[in-house]
Amino acid sequence: MKIKLNNTFLVLSAFMALNFIAATVRAQPNTTGHASDFSSVEYFEPPHQQLMKFRLSGAEAQPQAGGLLVINQFKLEMFNTNCTPGLIVKAPNCIYDTIHGVASSPGHLQLESADGSSHVEGDGFLWLQASHNLYISNNVQSVFVTASKGKTGS
Amino acid sequence: MKIIYLMTLLVLVIDGGRLQAQTNVSAMPKPTRATNAVTHISSVSAEFDLVARRAVYRSNVRVDDPQMKLTCEQLTADLPQSGGHVDHLVALTNVVMDSVDEKGQTNHATSDMAVYDYKVQNGVTNETITLTGNAMAETAQVILWGEPILYDRIKGTLTATNQHMIFKQNLTTALVNTNAPVAQTNLPVAKTNFPPGTIQNIDRMTVPSNTQ
């Protein structure tokens, strides 16, 4: 089930809701609901409009007033235009502002490349959906693993 | 005799300076890569552009690389594609780099800005660090200022433009080992073993920056 909302498609998969409807990503949510295993997907601009740009998902979402969602097991997956997964952002929990497209949390966050070669951790983050910028506030630790390419030079 | 000795010494030093200025200085270690090189970057805060795959680390930035440690106040990094190599870094403000070469000698460099570039073209790997803004590099042998200073990590060389260099060679130490034991001479231990009255206690020589 996909609903187009300003180039944003929302897919609610296998959700349990008490009057909680998926189309609340850009609208005022019903604050009495509760969802699990949900995801929200945005697609690339043409000519790659059939390809996923990112997928935001969570194990559990609790709607709050003002279009906010409290998400447990937050996960944001960025995809490349060749359909391969790129970067993955994970956080135990966060608040997602469905109206402004902003996710934030004072808690821990992990950012890693799909192949595991890059890994970033930090505490406290803000993600802006429109620009896809991720800000980490404290204790940023990054690890990049590079395969050997030998020792040559021009 | 004194004059000949002094002139010989100056020619050697100045000529050495020319060589250093015109060619690459083989002063830094050639990197020896492990099978998987791990680079750590830490900072107080950071900003990631998840589409452009660019990271900007801010405040107390530390880079811990197998060949080098770097600290600065801001570091911009292009995140590698899957399995790729970090190919572009820009370090700003109070940049300090330290490395240890194959002989265990410490190399040290500071600047206002450092740009790291890694590129593989036609099977040839190029890996350089360009220091600008009050750039200084210090090895076991020399202290080098330049604008800019280019460090070729593959060749293990330093190249400086508008360079100014100080040789750190300690002539006292170098010559003591080539002469008779101190106890068998009449010269004070603190002085050199040159013939009395020539040059004594010189351990540094500055080469003018216009020796190129």
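Residues numbered from 1 in each chain as written. Chains lettered and ligands numbered in written order. Predicted model: local features only at pLDDT ≥ 70, side-chain atom pairs only at ≥ 80, totals over all residues.

A.B. asks: Which residues make up the overall build of chain A, and what are the values?
C.D. replies: Along the backbone of chain A there are 0 helices and 9 strands. Each helix (α) and strand (β) of chain A, taken in turn from the N terminus, gives the series β-β-β-β-β-β-β-β-β. A sequence separation of at least 24 residues applies to 32% of the contacts in chain A between residues at least 6 apart. (Helix = DSSP H or I, 4+ residues; strand = E, 2+ residues; numbered from the N terminus. Contact = placed C-beta atoms within 7 Å.)

A.B. asks: Tell me about the overall build of chain B, and name the residues and values.
C.D. replies: If you tally the helices and strands in chain B, you get 2 helices and 13 strands. By the burial criterion, 27% of the 212 residues in chain B qualify as buried. A fraction of 45% describes how many contacts in chain B between residues 6 or more apart in sequence connect residues 24 or more apart. (Buried ≥ 20, exposed ≤ 12 C-beta atoms within 10 Å, placed from the backbone.)

A.B. asks: Go over the nonpolar core with me, naming the residues and quoting the values.
C.D. replies: Counting 60 residues, the largest nonpolar core has L134 of chain A together with L75 and I149 of chain B as the members making the most contacts within it. Beyond its immediate sequence surroundings of up to four residues, I149 of chain B is in contact with L131, A135, A137, L144, L158 and A160 of chain B. (Core = buried A, V, L, I, M, F, W, Y, C linked by C-beta atoms within 7 Å.)

A.B. asks: Describe the environment of T93 of chain B, and please don't skip the residues or the numbers.
C.D. replies: Residues and elements named next belong to chain B. Counting through the fold element by element, T93 comes out in strand β5 (residues 88-100). Judged by the 13 C-beta atoms lying within 10 Å of it, T93 is partly exposed. Considered as a pair, T93 and L75 are 18 residues apart in the sequence and their alpha carbons are 9.1 Å apart. The residues touching T93, leaving out its near neighbours within four places in the chain, are C72, E73, Q74 and D112.

A.B. asks: Before we move on, can you summarise the confidence of the model for chain A with the specific residues and values?
C.D. replies: All names here are of chain A. Across chain A, the average pLDDT comes to 77, with 73% of residues at or above 70. Contacts for the low-pLDDT stretch residues 1-31, under 50 throughout, to residues beyond four places or in other chains number 72 contacts. With pLDDT under 50 throughout, residues 149-154 is counted as low confidence; its partners more than four residues away or in other chains account for 19 contacts. (pLDDT = per-residue confidence, 0-100.)

A.B. asks: Can you break down the environment of Q129 of chain A residue by residue, with the values?
C.D. replies: Residue and element names in this part refer to chain A. Along the polypeptide, Q129 turns up in the loop between β8 (118-128) and β9 (133-147). Through-space distance from the C-alpha of Q129 to that of A103 is 7.8 Å; in sequence the pair is 26 residues apart. Beyond its immediate stretch of four places on either side in the chain, Q129 contacts G101 and V102.

A.B. asks: Give me unusual backbone geometry: which residues, what numbers.
C.D. replies: The step from P46 of chain A to P47 of chain A runs through a cis peptide bond, and the omega angle for that step is 10°. Within the element layout of this structure, P47 of chain A appears in the loop between β3 (35-43) and β4 (52-64). Cis geometry marks the peptide bond from E147 of chain B to P148 of chain B; its omega dihedral reads 5°. Relative to the helices and strands, P148 of chain B is located in the loop between β9 (142-145) and β10 (149-152). Look at Q73 of chain A: it is not a glycine, yet its phi comes out positive at around 55°. Residue placement: Q73 of chain A occurs in strand β5 (residues 68-79).

A.B. asks: Describe the environment of A140 of chain B, naming the residues involved and giving the relevant values.
C.D. replies: Considering the arrangement of structural elements, one finds A140 of chain B in the loop between β8 (136-138) and β9. Note: C-alpha distance between A140 of chain B and M68 of chain B (72 residues apart in sequence) is 16 Å.

A.B. asks: Account for the pairing of strand β7 (residues 124-132) of chain B, naming residues and giving values.
C.D. replies: Residues and elements named next belong to chain B. Direction of pairing for strand β6 (residues 106-121) relative to β7: antiparallel, over a ladder of 9 bridges. Note that in β7 the partner of K119 across the bridge is N126. In textbook terms, the turn of a hairpin is the stretch between consecutive antiparallel strands, and for β6 and β7 this stretch comprises 2 residues, one of which, N122, has a positive phi near 50°. Bridging between β7 and β10 involves 4 bridges; their strand directions are antiparallel. Note on β10: the bridge partner recorded for L131 is I149. (Pairing = 2+ DSSP bridges.)

A.B. asks: How would you sum up the confidence of the model for chain B? Please name residues and give values.
C.D. replies: Detailed conclusions should not be drawn from predicted coordinates in areas where pLDDT is low. Residue and element names in this part refer to chain B. When the pLDDT values of chain B are averaged, the result is 72; 62% of them are 70 or greater. Across residues 1-34, where pLDDT falls below 50, the model places 58 contacts with residues more than four positions away in sequence or in other chains. Reported confidence for the predicted complex is 0.76 by ipTM and 0.70 by pTM.

A.B. asks: Give a detailed account of the pairing of β9 of chain B, specifying residues and quantitative values.
C.D. replies: Residue and element names in this part refer to chain B. The two faces of β9 differ: V142 and L144 on one face are buried, but I143 and W145 on the other face are not. Strand direction decides the pairing type here: β8 and β9, joined by 3 bridges, are antiparallel. Residue pairing for β9: E138 is matched across the bridge by I143. Linking two consecutive strands that pair antiparallel, namely β8 and β9, is a turn of 3 residues. Summarising the sheet, β9 and strand β12 (residues 164-167) pair through 4 bridges and their orientation is antiparallel. Paired with I143 across the bridge in β12 is I166.

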